[in-house]
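# Tertiary structure, described
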Amino acid sequence: MSVENAPVVDVDEAAIPVEKKMYYRFESNDKKEFRVSELAIQQSETLNRLVEAMGYTSEDVENKPAIAIENIDGKTLKLVFQWCEHHKGEAIPVDDGSVPKIVEIPEFDAKLMDIDNGLLFKLIWAADYLNIVQLLNVSCKKVANMAQGKTPAQLRRVYLLPSDEEDEAAKRAAQEAQDPRAREVEEEFEERKRQGGNSFF
Amino acid sequence: MNIENLPSELLVQILDDCDFADCMCFRATSSKNYDVGNYVLAKTKTFDFRRYNDHRHVGIQSRYVETDKKKNSTNLNPTKLGKSLPKLNELVIAQNEEKLWIDKDALMGLTYFRGLESLAIIGWEPSNITRRGCAARNEVLPQSTLRNLVKFTIICKRETVSKILHYIIDNKILMTKCVKAKFSIRFSISDLPLLAMKFMEYHPKLLSICFEGLLFITQEQVESFYNHILALCHLEKVRLENCSVVDRINREITNTFLESLQERNIKFTNTVKSMSYG
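So, a few notes on the structure that sits alongside this text. Sequence order as written defines the numbering, with residues in each chain counted from 1. Whichever chain is written first becomes A and whichever ligand is written first becomes 1, with later ones labelled in order. For this predicted model, a pLDDT threshold of at least 70 governs which residues receive local features, and a threshold of 80 or more governs which side-chain atom pairs are given and counted, while totals over whole chains, interfaces and linings are taken from all residues. No hydrogens and no water enter the side-chain calculation; it runs on all heavy atoms of the structure.

### Things to note about unusual backbone geometry
Residue and element names in this part refer to chain B. Phi is positive for K172, which is not a glycine, with a value near 50°. We count a stretch as a helix when DSSP gives it H or I for four or more residues in a row; a strand needs E for two or more, and each element gets its number in order from the N terminus. Looking at the secondary structure, you find K172 in the loop between helix 6 (160-170) and strand 7 (180-185). The rule is simple: take the accessible area with a 1.4 Å probe, protein chains only, and divide by the maximum for that residue type; under 20% is buried, over 50% is exposed, in between is partly exposed. The exposure class of K172 is exposed, given its relative accessible area of 61%. Even without being glycine, N265 reaches a positive phi, approximately 55°. For N265, the location among the structural elements is in the loop between helix 9 (251-263) and strand 12 (267-269).

This is the structure in structure tokens:
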């Protein structure tokens, strides 16, 4: 049979078995659910190992409850997964100290991290917890860049740092709130000291 | 959440991306951060003052040249630096005429850098110090620092090189580890070639030597200088830039010197040129 006479068969593309992309479901500590592709999850060593250990099939993913990430809130987790989706399939940098680390912040990452500082620190914490090396590198670089040319007073403002006095006051307040008896004991001790007594008991 | 809620290893990673001055400022924010900042600073191996010219907040101390008034205070004088960077290996101290920040005897603070192996001093002029009841003396570099140096560079305008070399030779300071030396002078004085020769005599282990701006008076002096260079048995590289002699110079002297260098596979640039005869 010649090629010209060969019958043309319409191929139903939907009928061809295509390996389906798997989307895992994760839940933040404030009960927000996220769907993340398998490839994006590979950016996080922690999550990758977790899903590997669980050995979910695509039915399991739909039927079983979402995987809970207890330590991270929805707002932060959203940023983390946005980052992972954007950088899915990229090579994960290996930091063995043999090559000097030069980190450049890509445009997408810069936009993603254009957030308030509190959230940025949460993002760093989450990247460390989920072991996302490149996200940790760029977010640390971003925070380091914020310090450039600042005085200690300006740094305190930027990094939301309390001064030593504020720190002590907060500690004292926390202590008082925790144990009202501790304050009474302290006052009693001060009183005795004023009276000249050497021993408290 | 603030930055203090992050674990120390993350703070270290952040500070690793910061420069020295920013680390110093972070260290000053609270007593909690002091230890983390200190840990990061203690890892620093090199320090170049030229990078910190614009950090007015940590402030390389500079003076208005006209009024001699201080512009900024500094945390970067060698005494303070030495305490926060104990593992420093390489140090470049630079000042220019607009920013004369190095105080009298400040460089004695170099003694705090116990691991210092490479020192470059740019634009510093040792001053003459007179105190009541004491004889006048020249400012110097600490002997302990000089003895440990592997690489020593001085780039200056006037008499720094001759004063330092005088001090090294008069006090018989043997820089036994020194293998690389560079002396650059804008205005040479008459005794400098002799001092340079003495320096080479005292330091036969030199692998690389560089002289810039030396001025010789006679061709005998040049010949002797060449012989001193050739007497360095480990020499691998010699650089002579803008070195000249007032007298005429015999071609044979230069040719013999160059042939000897080529025989020993010593890399070289330029020779001493005669000012009068080209």
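### Observations concerning the sheet that holds strand 11 (residues 244-245) of chain B
Residue and element names in this part refer to chain B. Pairing is parallel in the open sheet, where three strands are placed in the order 9-11-13. The strands lining the two open edges of the sheet, one partner per strand, are strand 9 (215-216) and strand 13 (273-274). Of the strand pairs in this sheet, strand 11 and strand 13 are connected by two bridges, and their pairing is parallel. Within the sheet, the bridge partner assigned to V245 lies in strand 13 and is S274. Should DSSP find at least two bridges between two strands, the strands are regarded as paired.

### Side note on the environment of K87 of chain B
All names here are of chain B. Relative to the helices and strands, K87 resides in the loop between helix 4 (78-84) and strand 2 (90-94). In this structure K87 comes out as exposed when scored by relative accessible area, which is 52%. Placed 26 residues apart in sequence, K87 and F113 show a C-alpha to C-alpha distance of 7.1 Å. Residue contacts for K87: discarding those within four places in its chain leaves A42, T44 and K45. Whether two residues are in contact is decided by their heavy atoms, any of which lying within 4.5 Å being enough.

### Quick word on empty space enclosed by the protein
Residues and elements named next belong to chain A. The rule is simple: put a 1 Å grid over the protein atoms alone, call a set of points where a 1.4 Å probe fits but cannot get out a cavity, call an open set with protein on both sides within 12 Å along at least five of seven lines a pocket, and count a residue as lining if it has an atom within 4 Å of a point. Grid points are joined across faces, edges and corners, and a volume is the space filled by probe spheres set on the points. Evaluation of the coordinates by the stated rule reveals one cavity of 30 Å³ or more. Taken as a whole, the largest cavity spans an internal volume of roughly 30 Å³. Lining of the largest cavity is provided by Y24, R25, Y56, V61, K64, P65, A66 and I67. In terms of residue class, the lining of the largest cavity is built from six nonpolar, no polar and two charged. Any residue outside Ala, Val, Leu, Ile, Met, Phe, Trp, Tyr, Cys, Pro, Asp, Glu, Lys and Arg is labelled polar, Gly included; the first ten of those are nonpolar and the last four are charged.

### Some thoughts on the pattern of salt bridges
Residues and elements named next belong to chain A. Here, a salt bridge means any side-chain nitrogen of Lys or Arg that lies within 4 Å of a carboxyl oxygen of Asp or Glu. Applying the stated criterion across every chain yields a total of 11 salt bridges over all chains. The partner of R35 in a salt bridge is E62, and the shortest N-O contact between them spans 3.0 Å. Of this pair, R35 sits in strand 2 (residues 33-37) while E62 is found in helix 3 (residues 58-63), placing the two residues 27 residues apart along the sequence. Put simply, E45 and R49 hold a salt bridge, and the shortest N to O gap is 3.2 Å.

### Observations concerning the packing of aromatic side chains
All names here are of chain B. Here a pair means two rings of Phe, Tyr or Trp (six-membered ring of Trp) with centres within 6.5 Å. Their orientation is stacked below 30 degrees between planes, edge-to-face above 60, and tilted elsewhere. What the rule picks out here adds up to 12 aromatic pairs over all chains. Taking 5.4 Å as the distance between ring centres and 65° as the angle between the ring planes, the aromatic pair formed by F211 and F225 counts as edge-to-face. Of this pair, F211 sits in strand 8 (residues 208-212) while F225 is found in helix 8 (residues 219-230), placing the two residues 14 residues apart along the sequence. Residue classification places F225 among the buried positions, given a relative accessible area of 0%. Among the aromatic residues, those joined into a ring-pair cluster are F152, F183, F199, F211, F216, F225, Y226 and F257.

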